[in-house]
Amino acid sequence: NNGGNTGELRERTLFPEGNPDPVATIHPDVRYDRLAESLGALSARVSEASQLGPALRQALESGRTVCIEVRVDSSEPHPGSW
């Protein structure tokens, strides 16, 4: 998850406000699917919930290492940390 969710939570709880060394930085333009491909893995990039099932099925059937990059809307609330 690019350190986004949980990294940001750690940053807010463990470091003083205004800490100059961020724990997490979200870079929305990083293509983790292509990074995985460059290392020999299969990959998929999904941005709609309807794409996730087929991507997971293909990954499981491939028998290979697979990176599924799931693009999410960072402005949408999430259920919290787990």
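Up top is the structure.
Computed from a predicted structure; not experimentally measured.

Along the chain, the regular secondary structure elements total three helices and two strands. Along the chain, from the amino end to the carboxyl end, the secondary structure elements read α-α-β-α-β. The buried share of the chain, reckoned over its 82 residues, is 13%. For the chain, contacts bridging at least 24 residues in sequence account for 44% of all contacts bridging at least 6. Accessible surface computed for the chain: about 6500 Å², of which carbon and sulfur atoms make up 54%.

Our next topic: a nonpolar patch on the surface. A cluster of nonpolar side chains, namely Leu52, Leu56, Val70 and Val72, defines an oily patch on the protein surface of about 330 Å² accessible area. On the secondary structure map, Leu52 appears in helix H3 (residues 49-62).

Here H3 spans 21 Å end to end across 14 residues, near enough to the 20 Å set by a 1.5 Å rise per residue. Looking one or two places after H3, you find Gly63, whose phi comes out positive at around 70 degrees.

To continue, consider the environment of Gln51. Looking at the secondary structure, you find Gln51 in helix H3. Gln51 sits in the partly exposed class, given a relative accessible area of 33%. Distance from Gln51 to Val70, taken between C-alpha atoms, is 9.4 Å for residues 19 residues apart in sequence. At 2.7 Å, the side chain of Gln51 and the backbone nitrogen of Ser47 are in polar contact. Within polar-contact distance, the side chain of Gln51 engages the backbone nitrogen of Glu48 at 2.9 Å.

Thresholds, definitions, all that
Residues numbered from 1 in each chain as written. Predicted model: local features only at pLDDT ≥ 70, side-chain atom pairs only at ≥ 80, totals over all residues. Heavy atoms only, no water. Helix = DSSP H or I, 4+ residues; strand = E, 2+ residues; numbered from the N terminus. Buried < 20%, exposed > 50% of the residue type's maximum accessible area, 1.4 Å probe, protein only. Contact = heavy atoms within 4.5 Å. Areas by Shrake-Rupley, 256 points an atom, 1.4 Å probe, with all protein chains shown as cover. Patch = residues over 30% accessible without salt bridge, like charges linked within 9 Å, V, L, I, M, F, W, Y side chains within 5 Å. Salt bridge = Lys/Arg side-chain N within 4 Å of Asp/Glu carboxyl O. Expected span 1.5 Å × (residues − 1). Polar contact = N/O pair within 3.5 Å; in protein donor to acceptor, adjacent residues only side chain to side chain.

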